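What follows is the residue order along each chain.
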Amino acid sequence: MDEFVDISLTLNGRPVRRRVPVRQHLVDFLRTELGLTGSHVGCEHGVCGACTLRVDGRAARGCLMLAVQADGCSVETIEGLTESGEIADLQEAFVARNALQCGFCTPGVLITAAELLGRGQPMDRAAIRAFMSGNYCRCTGYQAIVDAIEATLRARLERAASTGDGGR
Amino acid sequence: MKAPSFRYVRPTSLEEALDVLAQADGQAQILAGGQSLMPMLAMRIAAPEILVDINRIPELAGITLENDLVRIGALTRYVELEKSSVVAEHLPLIARALPHVAHVAIRNRGTIGGSLSLADPAAEMPACALALGAEIELVSKSGVRSVGAEDYFLGLYETARQPDEILAAVRFPAARSGSACGFYELSRRHGDFALAGAACTARVEGGALKDLRVAMFGCDDRPVLAKKAAAEVERRGTSPEALAAAAEVLAEDVAPTDNVNGDAETRLHYAKVVFRRAVAMLLESTRG
Ligand SMILES: Cc1cc2nc3c(=O)[nH]c(=O)nc-3n(C[C@H](O)[C@H](O)[C@H](O)COP(=O)(O)OP(=O)(O)OC[C@H]3O[C@@H](n4cnc5c(N)ncnc54)[C@H](O)[C@@H]3O)c2cc1C
Ligand code: FES
Ligand code: FES
C-alpha cells in the first residue's frame, strides 16, 4: 500500500495543496495531478533532461525529485516561465532559428538555457555546449539550439551594457 | 521506471535521523540529492523499506574553514562548492574537478556526501578526497568516528560506513603555499562519468615534486592511489619521457577489468594517458 502525504508548495507563483503518494516523482505529479504537461517524461532516470524544471530558483531534474520533497518549495515549470514572459526572447530565438523540431526536449532545454542566461556571463559556444550538456535533443543536432542561446545571450548582454542592469 | 513503495520520513535534526537508522535494522536508506538514488529506485536496484530524507537537516550542510582544515557538511551541494570562495582559495583541486561532475541541473541537487557515500569508482569527489588525504566523519547513535579516505573506500560501491551511520561531513587539509594540484579526465561527452581520470597533489621544492599523490578513478573498482607510479615520478623527474616511463608502472597500482568502456588493456592505456596529463597539468600550474 502506498503511503500518502499532504504537501503545499508554490507552483508558478500560486499556492497549491495536494495529497501525494510518497513514491510519486515531481513530474508525474505535475502532469497527472495538475495537468501541467509541459514538463516531459523521457528516461525517468536522470539522463535526458526532458523533465527539467526549476525548484527554488534553480534548474532540477523533475524525475529525480519526489513530489513530497517539493513540500514548501517554489516550483516553476515551462508553463510558468512562458506566462511570466521571462524567456520570451529566448523562445522567439528558438522559433527564428528552428531550434526545435519535435519539441520533446524543448521545455527542458529552455529551462536550462534560462539558467545560463540568468548568470549574465559572456560565454563562447563551447561553454554554452558544456552548460547544456545535460539536455538531450534527438532531432536538431544542437547547432541551432546553441545558435539561439548564443544570440539571446548576446542580445541580453548588449541590452544590459546599454542600460546597466546586469543582463537580467 | 517508477520507484517501489517505501515509508518516507523527513527528520529535521541529525539526532532524529540517527534514531530512525538505529531502529531500522539496515532496512533504511538515506536520500540526499537523489541524483543517484532516484535512478536506482526507478530501476529497482534499490528498494528500501524506509527512505530517510536528510534534506531538511540544516546542520548537515555548509562549508567552514577551521585552522588548516576545510570542513564540508555532507549535504553541501556541488553548486554551493562551485560558488564557494573557501573552496576556490583553499581546495583548488576540488574547484578544478567540479565542472566535470555531471551537468548543471544535477550539480544543483547532488551533494558531496552523496557522492562519497555512493563511492562510484568513476566519480570525481572520491578521487579528490583520496588525493587530498581527506577524513570522513561518520556519525551514529554511539558517537562520531573519523575514517581516512585511504581506509574508507573498500570496493565497488563499498565503503567503511555502517548501515546505522550517516556521513556527516568531510574534512580536507587546506592547500598550503608551495603545493600544487592537477586534474584530468577522459569522458565521451562533457559531464559524463569518466572513462578514466586522475587527481593529484604535490609539494614543489626547487622545481622537483615531493609527496606526489595521484588518485586514479575509473581505473579500478574504487579510487586508487597510484603509489608505485608516483614514486617513479619522484625518482625519474618530470620530463615528458620520465612521466611516460612512470606511467608504465601503473599496472602495479590499478587493475582495470573489461567493462562497457573498453577491455582491460584499453582501460589501462586510458589510465596511463590521464596519469601523465594530470601530472603535466600540476607542473604547468606551478609555472604560473
Ligand atoms: C545523468 C547523470 C550524470 C552523472 N554524472 C556524474 C559524474 O560525471 N560524476 C559523478 O561523480 N557523479 C555523477 N552523477 C551522480 C551525482 O554526482 C550524484 O549526485 C552523486 O553520486 C550522489 O549524490 P546525491 O546527493 O545525489 O546522493 P543520493 O542519490 O541521494 O544518494 C546516493 C547514495 O548515497 C547514500 N547517501 C547519501 N547521502 C548520505 C549521507 N550523508 N550519509 C550516508 N549515506 C548517504 C544514499 O543512501 C545512496 O545510497 C551523475 C548523475 C546523473 C543522473
Ligand atoms: S525524464 Fe528526467 S532526465 Fe530523463
Ligand atoms: S526537438 Fe526533438 S528532441 Fe529536441
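Residues numbered from 1 in each chain as written. Chains lettered and ligands numbered in written order. Predicted model: local features only at pLDDT ≥ 70, side-chain atom pairs only at ≥ 80, totals over all residues. Heavy atoms only, no water.

Asker: Teacher, can you tell me more about the overall build of chain B here?
Answerer: When its secondary structure is counted, chain B shows 12 helices and 14 strands. For 288 residues, the compact-globule estimate of 2.2 N^0.38 gives 19 Å, and the C-alpha radius of gyration of chain B, at 19 Å, lies within 12% of that figure. On the principal axes, the C-alpha backbone points of chain B span a range of 60 × 45 × 35 Å. For chain B, the residues scored as buried account for 55% of the 288 residues in total. Within chain B, counting contacts between residues at least 6 apart in sequence, those at least 24 apart form 63% of the total. (Helix = DSSP H or I, 4+ residues; strand = E, 2+ residues; numbered from the N terminus. Rg over C-alpha atoms; globule rule 2.2 N^0.38 Å. Buried < 20%, exposed > 50% of the residue type's maximum accessible area, 1.4 Å probe, protein only. Contact = heavy atoms within 4.5 Å.)

Asker: Help me out: how do you make sense of the site of ligand 1 in this one?
Answerer: All names here are of chain B. Around ligand 1 lies a shell of 31 residues, among which Ile 30, Leu 37, Tyr 78, Thr 111 and Glu 124 are the nearest. The contact in question runs from an oxygen atom of ligand 1 to an N or O atom on the backbone of Ala 32, over 2.8 Å. At a separation of 2.9 Å, an oxygen atom of ligand 1 approaches a polar backbone atom of Ser 36. Across the complex, the protein chains shield 95% of the 960 Å² of accessible surface that ligand 1 would expose by itself. Where the shell around ligand 1 is concerned, the elements lending two or more residues are β2 (28-31), α7 (112-118) and β10 (166-173). (Near = heavy atom within 4 Å. Polar contact = N/O pair within 3.5 Å; in protein donor to acceptor, adjacent residues only side chain to side chain. Areas by Shrake-Rupley, 256 points an atom, 1.4 Å probe, with all protein chains shown as cover.)

Asker: Where do I start with the interface of chain A and chain B in this structure?
Answerer: How large an interface is tends to be reported as the accessible area lost when its parts come together. Contact with chain A, which involves 30 residues of that partner, is made by 34 residues of chain B. Both faces combined, the contact of chain A with chain B buries some 2600 Å², and carbon together with sulfur accounts for 51% of it. It is Arg 23, Arg 58 and Leu 64 of chain A in chain A that bury the most area against chain B; as a group they hold 24% of the surface buried on that side. In this assembly, chain A and chain B are joined by four salt bridges. A salt bridge links Lys 2 of chain B to Glu 44 of chain A; the nearest nitrogen and oxygen atoms lie 2.6 Å apart. Between the two partners, chain A and chain B, sit 18 residue pairs in polar contact (both at pLDDT 80 or more). Listed by contribution, the elements that provide at least two residues to the side of chain A that touches chain B are β4 (58-61) and α5 (125-131) of chain A. (Buried area = accessible area lost by both parts, 1.4 Å probe. Salt bridge = Lys/Arg side-chain N within 4 Å of Asp/Glu carboxyl O.)

Asker: Please clarify how helix α11 (residues 240-247) of chain B should be interpreted in this entry.
Answerer: One full turn of an α-helix is made of 3.6 residues, so residues set three or four places apart face in the same direction. Residues and elements named next belong to chain B. Among the residues of α11, those classed as buried are Ala 242, Leu 243, Ala 246 and Ala 247. Down the axis, α11 shows its buried residues gathered within 135° of arc, on one side only. Opposite the buried face of α11, at more than 90 degrees from it, the exposed residues are Pro 240 and Glu 241. Each element contacted by the buried residues of α11 is listed here: α10 (227-236) and α12 (264-286). (Arc of directions from axis to C-beta.)

Asker: Can you walk me through the packing of aromatic side chains in this structure?
Answerer: When we look at a pair of aromatic rings, we describe it by the centre distance and by the angle of the planes. All names here are of chain B. Applying the stated criterion across every chain, the model contains two aromatic pairs over all chains. Seen in terms of ring centroids, Tyr 152 and Phe 153 are 4.8 Å apart; in terms of plane orientation they differ by 85°. Their pairing is edge-to-face. An identical accessibility class is assigned to Tyr 152 and Phe 153; each is buried. (Phe/Tyr/Trp six-rings, centres within 6.5 Å; stacked < 30°, edge-to-face > 60°.)

Asker: Please explain the pairing of strand β3 (residues 52-55) of chain A as it appears in this structure.
Answerer: Along any regular strand, the residues point their side chains to alternate faces of the sheet. Residues and elements named next belong to chain A. Burial along β3 is two-sided: the face carrying Thr 52 and Arg 54 and the face carrying Leu 53 and Val 55 are both buried. Examined bridge by bridge, β3 and β4 share four bridges and lie antiparallel to one another. In the sheet register, Thr 52 faces β4, and the bridge partner there is Arg 61. Between the antiparallel neighbours β3 and β4 lie two residues, among them Asp 56 with a positive phi of about 45°. Looking at chain direction, β3 and strand β5 (residues 74-76) are connected through two bridges and run antiparallel. Bridge assignment links Arg 54 to a residue of β5, and that residue is Glu 76. (Pairing = 2+ DSSP bridges.)

Asker: Looking at this structure, I do not really get helix α1 (residues 14-24) of chain B. What am I missing?
Answerer: Residue and element names in this part refer to chain B. Taken residue by residue, α1 has Leu 14, Ala 17, Leu 18, Val 20, Leu 21 and Ala 24 as its buried positions. The arc enclosing the buried residues of α1, seen along the axis, measures out at 155°, which places them on a common side. Packing partners of the buried residues in α1 comprise β1 (7-9), β2, β3 (50-53), β6 (135-140) and β10. Positive phi appears at Asp 25, one or two residues downstream of α1, with a value of about 55°.

Asker: What should I look at first to understand the domain arrangement of chain A in this one?
Answerer: Residue and element names in this part refer to chain A. Its domain assignment divides chain A into domain 1 (4-81) and domain 2 (86-162). Spacing between the C-alpha centres of domain 1 and domain 2 amounts to 22 Å. Taken together, the contact between domain 1 and domain 2 spans 18 residues of the former and 15 residues of the latter. Carbon and sulfur atoms supply 58% of the area that domain 1 and domain 2 bury against each other, a total of about 1300 Å² over both sides. Here domain 1 is connected to domain 2 by one salt bridge. Summed over the shared surface of domain 1 and domain 2, the result is six residue pairs in polar contact (both at pLDDT 80 or more). (Domains from an automatic or database assignment.)

Asker: When you look at the sheet that holds strand β5 (residues 69-73) of chain B in this model, what are you seeing that I'm missing?
Answerer: Note: strands within a sheet are paired through backbone hydrogen bonds, in either parallel or antiparallel orientation. All names here are of chain B. Read from one edge to the other, the open sheet built from five strands follows the order β4-β5-β10-β6-β7, with strand pairing classed as antiparallel. Both edges of this open sheet fall to β4 (63-66) and β7 (143-148), since each of them pairs with a single strand only. On average, each strand axis in the sheet is tilted by 25° relative to the strand beside it, whichever way the strands run. Pairing of β4 with β5 involves four bridges; the strand directions are antiparallel. Its bridge partner being in β5, Thr 64 is matched across the sheet by Arg 71. The sheet strands contacting α1 are β6 and β10, and the helix crosses β10 at an angle near 125°. (Axes fitted to C-alpha atoms, helices over the stretch in contact; angles between N-to-C directions.)

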